[in-house]
Amino acid sequence: MSTSKDLHALCQQPLHGVHLSVDGSPSPALPYEMTVKNGPITPLENEHKIWSLVDRGERYTSTVSLFRYDDTLQLSIDCEGVGIFEFKHNTLTIDWQSGGTGPAHYLQTLGISLYLERQHKICLHANTLVKNGNAYLFLAPSRTGKSTLTSAMTALDYQLITDDMAAIYPNGDDYKVYPSWPKVRLWPDSAKHLAKQLTTDNHAKKKVHARFAKEEINVAPAKAHKPHPVKGLYLLNRKEDYHGPVTLSMLPPSHGVIYLLQNSMLGDAYTPLGLDKARMISIARLLQKVTFYEVTYPSGLAHLDDVTRALDEQLSTT
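In what follows, the accompanying structure is described. Given the structure is predicted, the values throughout are model-derived calculations rather than measurements.

Things to note about the nonpolar core
Turning to step 1, where the next piece is worked out: With 41 residues, the main nonpolar core has Val-18, Leu-20, Ile-77, Phe-85, Ile-112 and Leu-116 as its most contacted residues.
Turning to step 2, where the next piece is worked out: Among the elements of the structure, β1 (18-21), β2 (32-38), β4 (61-69), β5 (72-78), β6 (82-88), β7 (91-96), α2 (104-117) and β12 (166-171) are those that each provide at least two residues to this core.
Turning to step 3, where the next piece is worked out: At eight residues, the largest contribution of residues to this core is made by α2.
Turning to step 4, where the next piece is worked out: The residues touching Leu-20, leaving out its near neighbours within four places in the chain, are Cys-11, Leu-15, Met-34, Val-36, Leu-107 and Ile-112.

As for empty space enclosed by the protein
Turning to step 1, where the next piece is worked out: For the structure shown, the criterion picks out two cavities of 30 Å³ or more.
Turning to step 2, where the next piece is worked out: By volume, the largest cavity amounts to about 70 Å³.
Turning to step 3, where the next piece is worked out: Lining the largest cavity, in full, are Glu-117, His-120, Lys-121, Ile-122, Leu-275, Ala-278, Arg-279 and Ser-282.
Turning to step 4, where the next piece is worked out: A per-element tally of the lining of the largest cavity places helix α6 (residues 276-289) first, with three residues.
Turning to step 5, where the next piece is worked out: In the lining of the largest cavity, the residues fall into three nonpolar, two polar and three charged.
Turning to step 6, where the next piece is worked out: Of the volumes computed, that of the second largest cavity is approximately 40 Å³.

A word on helix α7 (residues 304-315)
Because an α-helix packs 3.6 residues into every turn, residues spaced three or four apart end up facing the same way.
Turning to step 1, where the next piece is worked out: Between its first and last C-alpha, α7 extends 16 Å over twelve residues, near the 16 Å set by a 1.5 Å rise per residue.
Turning to step 2, where the next piece is worked out: Those residues of α7 lying buried are Leu-304, Val-307, Thr-308, Leu-311, Asp-312 and Leu-315. The buried residues of α7 occupy an angular sector of 130° when the element is viewed end-on, so they sit on one face.

Calculation notes
Residues numbered from 1 in each chain as written. Predicted model: local features only at pLDDT ≥ 70, side-chain atom pairs only at ≥ 80, totals over all residues. Heavy atoms only, no water. Core = buried A, V, L, I, M, F, W, Y, C linked by side-chain atoms within 4.5 Å. Buried < 20%, exposed > 50% of the residue type's maximum accessible area, 1.4 Å probe, protein only. Helix = DSSP H or I, 4+ residues; strand = E, 2+ residues; numbered from the N terminus. Contact = heavy atoms within 4.5 Å. 1 Å grid on protein atoms, 1.4 Å probe; cavity = no way out; pocket = protein on both sides within 12 Å on 5 of 7 lines; lining within 4 Å. Points joined across faces, edges and corners; volume = space filled by probe spheres on them. Nonpolar A, V, L, I, M, F, W, Y, C, P; charged D, E, K, R; others polar. Expected span 1.5 Å × (residues − 1). Arc of directions from axis to C-beta.

As C-alpha coordinates, then:
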(Lines give C-alpha, C1' and ligand atoms only; values in the text may rest on other atoms or scores of the structure.)
Protein backbone atom coordinates (compact mmCIF):
# COMPACT_ATOMS: atom_id res chain seq x y z
CA MET A 1 0.00 0.00 0.00
CA SER A 2 1.34 3.45 -0.84
CA THR A 3 2.15 5.90 1.92
CA SER A 4 -0.66 8.26 0.88
CA LYS A 5 -3.29 5.49 0.84
CA ASP A 6 -1.97 4.09 4.12
CA LEU A 7 -2.24 7.48 5.80
CA HIS A 8 -5.65 8.26 4.35
CA ALA A 9 -7.00 4.94 5.65
CA LEU A 10 -5.49 5.56 9.09
CA CYS A 11 -6.94 9.05 9.37
CA GLN A 12 -10.49 7.77 8.90
CA GLN A 13 -10.44 6.51 12.50
CA PRO A 14 -9.94 8.19 15.90
CA LEU A 15 -6.26 8.47 16.78
CA HIS A 16 -5.56 9.13 20.47
CA GLY A 17 -7.60 12.34 20.41
CA VAL A 18 -5.74 13.80 17.40
CA HIS A 19 -7.38 14.51 14.04
CA LEU A 20 -4.89 14.13 11.19
CA SER A 21 -6.07 16.15 8.22
CA VAL A 22 -4.68 14.88 4.90
CA ASP A 23 -7.25 16.42 2.57
CA GLY A 24 -8.67 19.40 4.43
CA SER A 25 -11.46 17.27 5.87
CA PRO A 26 -13.36 18.86 8.76
CA SER A 27 -12.21 17.91 12.22
CA PRO A 28 -14.44 15.87 14.50
CA ALA A 29 -14.76 16.97 18.11
CA LEU A 30 -11.20 16.09 19.16
CA PRO A 31 -8.73 18.03 21.30
CA TYR A 32 -6.00 18.32 18.65
CA GLU A 33 -5.61 18.59 14.88
CA MET A 34 -2.53 18.35 12.65
CA THR A 35 -2.11 18.85 8.93
CA VAL A 36 -0.36 15.79 7.45
CA LYS A 37 1.44 15.62 4.12
CA ASN A 38 3.83 13.32 2.27
CA GLY A 39 7.01 14.66 0.78
CA PRO A 40 10.79 14.54 0.74
CA ILE A 41 12.53 15.56 3.96
CA THR A 42 16.12 16.71 4.22
CA PRO A 43 17.44 14.84 7.29
CA LEU A 44 18.99 17.02 9.95
CA GLU A 45 22.72 16.62 10.49
CA ASN A 46 23.99 14.29 13.21
CA GLU A 47 25.04 17.28 15.33
CA HIS A 48 21.33 17.98 15.87
CA LYS A 49 20.59 14.54 17.28
CA ILE A 50 19.28 14.82 20.84
CA TRP A 51 18.27 11.22 21.51
CA SER A 52 18.59 7.71 20.13
CA LEU A 53 17.31 4.29 21.13
CA VAL A 54 18.59 0.95 19.79
CA ASP A 55 16.55 -2.19 20.52
CA ARG A 56 18.23 -5.43 19.43
CA GLY A 57 15.39 -7.95 19.35
CA GLU A 58 15.43 -11.62 18.45
CA ARG A 59 14.24 -11.01 14.88
CA TYR A 60 15.45 -7.51 14.01
CA THR A 61 17.16 -4.40 15.38
CA SER A 62 15.17 -1.18 15.77
CA THR A 63 16.79 2.24 15.87
CA VAL A 64 14.79 5.36 16.71
CA SER A 65 16.49 8.76 16.73
CA LEU A 66 15.25 12.25 17.49
CA PHE A 67 16.69 15.43 15.98
CA ARG A 68 15.89 19.05 16.81
CA TYR A 69 16.77 22.30 15.09
CA ASP A 70 15.00 25.55 15.95
CA ASP A 71 11.25 24.74 15.81
CA THR A 72 11.65 21.51 13.83
CA LEU A 73 11.67 17.99 15.28
CA GLN A 74 12.53 14.93 13.19
CA LEU A 75 11.80 11.41 14.40
CA SER A 76 13.82 8.90 12.37
CA ILE A 77 12.67 5.25 12.29
CA ASP A 78 14.83 2.34 11.13
CA CYS A 79 12.98 -0.86 11.96
CA GLU A 80 10.60 -3.10 10.02
CA GLY A 81 9.79 0.15 8.25
CA VAL A 82 12.16 3.05 7.51
CA GLY A 83 11.34 6.74 7.31
CA ILE A 84 11.14 10.15 8.96
CA PHE A 85 8.34 12.07 10.71
CA GLU A 86 8.97 15.82 10.74
CA PHE A 87 6.99 18.04 13.12
CA LYS A 88 6.99 21.79 12.50
CA HIS A 89 4.40 23.98 14.17
CA ASN A 90 1.15 22.08 13.58
CA THR A 91 2.21 20.30 10.40
CA LEU A 92 3.49 16.75 10.14
CA THR A 93 5.47 15.74 7.05
CA ILE A 94 6.16 12.06 6.36
CA ASP A 95 8.94 10.71 4.16
CA TRP A 96 8.77 6.90 4.08
CA GLN A 97 10.71 4.30 2.13
CA SER A 98 8.75 1.79 0.05
CA GLY A 99 8.79 -1.84 1.14
CA GLY A 100 8.62 -3.09 4.69
CA THR A 101 6.07 -1.90 7.22
CA GLY A 102 4.24 1.30 6.32
CA PRO A 103 4.25 4.44 8.48
CA ALA A 104 0.83 3.99 10.09
CA HIS A 105 1.86 1.79 13.03
CA TYR A 106 4.85 4.00 13.89
CA LEU A 107 2.76 7.14 13.54
CA GLN A 108 0.02 5.97 15.91
CA THR A 109 2.61 4.92 18.50
CA LEU A 110 5.92 6.83 18.42
CA GLY A 111 4.88 9.77 16.24
CA ILE A 112 1.70 10.65 18.08
CA SER A 113 3.47 10.05 21.41
CA LEU A 114 6.06 12.67 20.52
CA TYR A 115 3.32 15.13 19.61
CA LEU A 116 1.12 14.47 22.65
CA GLU A 117 3.89 14.33 25.24
CA ARG A 118 4.76 17.89 24.20
CA GLN A 119 1.11 18.71 25.00
CA HIS A 120 1.68 17.17 28.48
CA LYS A 121 -0.19 13.91 27.90
CA ILE A 122 1.36 10.73 29.34
CA CYS A 123 1.86 8.16 26.56
CA LEU A 124 2.37 4.56 27.66
CA HIS A 125 3.22 1.28 25.96
CA ALA A 126 -0.22 -0.15 26.70
CA ASN A 127 -3.32 -1.73 25.20
CA THR A 128 -6.69 -0.33 26.25
CA LEU A 129 -9.88 -2.32 26.78
CA VAL A 130 -13.29 -0.73 27.36
CA LYS A 131 -16.28 -2.36 29.06
CA ASN A 132 -19.39 -0.64 30.43
CA GLY A 133 -17.86 2.68 29.41
CA ASN A 134 -14.69 2.26 31.51
CA ALA A 135 -11.14 2.00 30.19
CA TYR A 136 -8.62 -0.55 31.49
CA LEU A 137 -4.97 -0.06 30.49
CA PHE A 138 -2.72 -3.14 30.24
CA LEU A 139 1.02 -2.48 30.27
CA ALA A 140 3.83 -4.88 29.36
CA PRO A 141 7.01 -4.87 27.28
CA SER A 142 6.91 -6.10 23.69
CA ARG A 143 6.88 -9.85 23.09
CA THR A 144 5.15 -10.65 26.39
CA GLY A 145 1.65 -11.50 25.11
CA LYS A 146 -0.08 -8.19 25.81
CA SER A 147 -1.95 -8.13 22.50
CA THR A 148 -2.90 -11.81 22.75
CA LEU A 149 -4.45 -11.40 26.20
CA THR A 150 -6.28 -8.17 25.44
CA SER A 151 -7.59 -9.56 22.15
CA ALA A 152 -8.89 -12.63 23.99
CA MET A 153 -10.78 -10.37 26.40
CA THR A 154 -12.96 -9.13 23.52
CA ALA A 155 -14.86 -12.44 23.76
CA LEU A 156 -16.15 -11.18 27.13
CA ASP A 157 -17.67 -7.95 25.79
CA TYR A 158 -14.54 -5.83 26.09
CA GLN A 159 -13.62 -3.59 23.16
CA LEU A 160 -9.98 -3.12 22.23
CA ILE A 161 -9.60 0.63 21.52
CA THR A 162 -5.79 1.05 21.50
CA ASP A 163 -3.00 -1.35 20.56
CA ASP A 164 0.60 -0.71 21.66
CA MET A 165 0.02 2.85 22.87
CA ALA A 166 -2.38 4.71 25.13
CA ALA A 167 -2.38 8.47 25.71
CA ILE A 168 -3.73 9.54 29.09
CA TYR A 169 -5.58 12.87 29.26
CA PRO A 170 -6.23 14.65 32.59
CA ASN A 171 -9.94 15.29 33.04
CA GLY A 172 -10.52 17.28 36.21
CA ASP A 173 -9.98 14.82 39.05
CA ASP A 174 -10.06 11.88 36.64
CA TYR A 175 -8.27 10.66 33.50
CA LYS A 176 -9.48 9.55 30.10
CA VAL A 177 -8.24 7.71 26.99
CA TYR A 178 -9.30 8.24 23.37
CA PRO A 179 -9.53 5.41 20.81
CA SER A 180 -6.84 4.81 18.22
CA TRP A 181 -6.60 2.67 15.08
CA PRO A 182 -8.80 -0.48 15.02
CA LYS A 183 -6.00 -2.99 14.51
CA VAL A 184 -3.95 -5.50 16.49
CA ARG A 185 -0.65 -7.22 15.62
CA LEU A 186 -0.46 -10.95 16.45
CA TRP A 187 1.65 -14.00 15.67
CA PRO A 188 -0.19 -16.66 13.62
CA ASP A 189 -0.71 -19.09 16.51
CA SER A 190 -2.42 -16.40 18.58
CA ALA A 191 -4.44 -15.16 15.59
CA LYS A 192 -5.66 -18.70 14.86
CA HIS A 193 -6.58 -19.29 18.50
CA LEU A 194 -8.53 -16.01 18.60
CA ALA A 195 -10.17 -16.30 15.17
CA LYS A 196 -13.71 -16.43 16.59
CA GLN A 197 -13.56 -12.95 18.11
CA LEU A 198 -11.27 -11.25 15.60
CA THR A 199 -12.00 -10.20 12.02
CA THR A 200 -9.56 -12.53 10.28
CA ASP A 201 -10.81 -12.67 6.67
CA ASN A 202 -8.14 -12.23 4.01
CA HIS A 203 -9.16 -8.63 3.32
CA ALA A 204 -8.84 -7.62 6.98
CA LYS A 205 -5.34 -8.84 7.74
CA LYS A 206 -1.84 -8.55 6.32
CA LYS A 207 1.71 -9.40 7.31
CA VAL A 208 3.45 -6.57 9.10
CA HIS A 209 6.63 -7.32 7.12
CA ALA A 210 7.48 -9.72 4.32
CA ARG A 211 10.22 -11.32 6.44
CA PHE A 212 8.00 -12.06 9.47
CA ALA A 213 4.88 -14.10 10.04
CA LYS A 214 3.28 -11.59 12.40
CA GLU A 215 -0.08 -10.31 11.15
CA GLU A 216 -1.87 -6.98 11.39
CA ILE A 217 -5.56 -7.72 11.92
CA ASN A 218 -8.54 -5.37 11.81
CA VAL A 219 -10.82 -5.33 14.82
CA ALA A 220 -14.16 -3.60 15.38
CA PRO A 221 -13.55 0.18 15.16
CA ALA A 222 -14.69 2.58 17.83
CA LYS A 223 -18.19 3.85 17.10
CA ALA A 224 -17.39 7.38 18.22
CA HIS A 225 -14.46 9.67 18.89
CA LYS A 226 -15.41 10.02 22.56
CA PRO A 227 -12.94 9.31 25.37
CA HIS A 228 -13.42 6.79 28.17
CA PRO A 229 -12.58 7.28 31.87
CA VAL A 230 -9.60 5.26 33.12
CA LYS A 231 -10.71 2.66 35.65
CA GLY A 232 -7.29 1.19 36.39
CA LEU A 233 -3.74 0.42 35.25
CA TYR A 234 -2.63 -3.22 35.02
CA LEU A 235 0.94 -4.49 34.73
CA LEU A 236 0.95 -7.92 33.08
CA ASN A 237 3.16 -10.55 34.70
CA ARG A 238 2.87 -13.70 32.60
CA LYS A 239 4.79 -16.49 34.33
CA GLU A 240 6.17 -19.70 32.85
CA ASP A 241 5.58 -22.88 34.89
CA TYR A 242 3.02 -21.08 37.02
CA HIS A 243 -0.17 -23.00 37.79
CA GLY A 244 -1.72 -20.79 40.43
CA PRO A 245 -4.77 -18.54 40.15
CA VAL A 246 -4.94 -15.22 38.34
CA THR A 247 -4.18 -12.58 40.95
CA LEU A 248 -4.41 -8.80 41.09
CA SER A 249 -1.95 -7.20 43.53
CA MET A 250 -2.06 -3.49 44.22
CA LEU A 251 1.27 -1.80 43.49
CA PRO A 252 2.51 0.96 45.80
CA PRO A 253 2.90 4.33 44.04
CA SER A 254 6.70 4.19 44.37
CA HIS A 255 6.75 0.96 42.34
CA GLY A 256 4.13 2.35 39.98
CA VAL A 257 6.34 5.30 39.06
CA ILE A 258 9.16 2.93 38.07
CA TYR A 259 6.88 0.74 35.94
CA LEU A 260 5.31 3.72 34.19
CA LEU A 261 8.74 5.10 33.35
CA GLN A 262 9.83 1.68 32.06
CA ASN A 263 6.72 1.46 29.88
CA SER A 264 6.79 5.03 28.54
CA MET A 265 6.67 5.21 24.76
CA LEU A 266 9.71 7.44 24.27
CA GLY A 267 12.13 5.80 26.69
CA ASP A 268 14.44 8.44 28.16
CA ALA A 269 13.84 11.05 25.45
CA TYR A 270 11.93 13.25 27.91
CA THR A 271 15.10 14.76 29.40
CA PRO A 272 16.50 16.21 26.13
CA LEU A 273 12.97 17.35 25.28
CA GLY A 274 12.83 19.24 28.58
CA LEU A 275 9.74 17.34 29.73
CA ASP A 276 11.09 15.09 32.49
CA LYS A 277 10.35 17.21 35.59
CA ALA A 278 6.79 18.14 34.62
CA ARG A 279 6.18 14.57 33.46
CA MET A 280 7.25 13.10 36.81
CA ILE A 281 4.78 15.38 38.57
CA SER A 282 2.05 14.27 36.14
CA ILE A 283 2.83 10.58 36.77
CA ALA A 284 2.72 11.10 40.54
CA ARG A 285 -0.68 12.80 40.25
CA LEU A 286 -1.97 10.01 38.02
CA LEU A 287 -1.00 7.36 40.58
CA GLN A 288 -2.79 9.30 43.31
CA LYS A 289 -6.05 9.00 41.38
CA VAL A 290 -5.80 5.70 39.47
CA THR A 291 -4.94 2.40 41.13
CA PHE A 292 -2.11 0.37 39.59
CA TYR A 293 -2.27 -3.44 39.83
CA GLU A 294 0.08 -6.25 38.91
CA VAL A 295 -1.69 -9.15 37.16
CA THR A 296 -0.02 -12.54 37.66
CA TYR A 297 -1.20 -15.37 35.42
CA PRO A 298 0.06 -18.57 33.74
CA SER A 299 1.61 -18.54 30.28
CA GLY A 300 0.33 -20.47 27.26
CA LEU A 301 -2.63 -20.39 24.88
CA ALA A 302 -4.05 -23.47 26.60
CA HIS A 303 -4.68 -21.35 29.72
CA LEU A 304 -5.99 -18.28 27.89
CA ASP A 305 -9.73 -18.88 28.24
CA ASP A 306 -9.44 -19.59 31.95
CA VAL A 307 -7.21 -16.55 32.45
CA THR A 308 -9.59 -14.16 30.69
CA ARG A 309 -12.62 -15.40 32.65
CA ALA A 310 -10.79 -15.05 35.96
CA LEU A 311 -9.45 -11.64 35.01
CA ASP A 312 -12.91 -10.44 33.97
CA GLU A 313 -14.30 -11.48 37.36
CA GLN A 314 -11.59 -9.59 39.19
CA LEU A 315 -11.87 -6.46 37.06
CA SER A 316 -15.60 -6.30 37.75
CA THR A 317 -14.88 -6.03 41.49
CA THR A 318 -12.05 -3.46 41.44
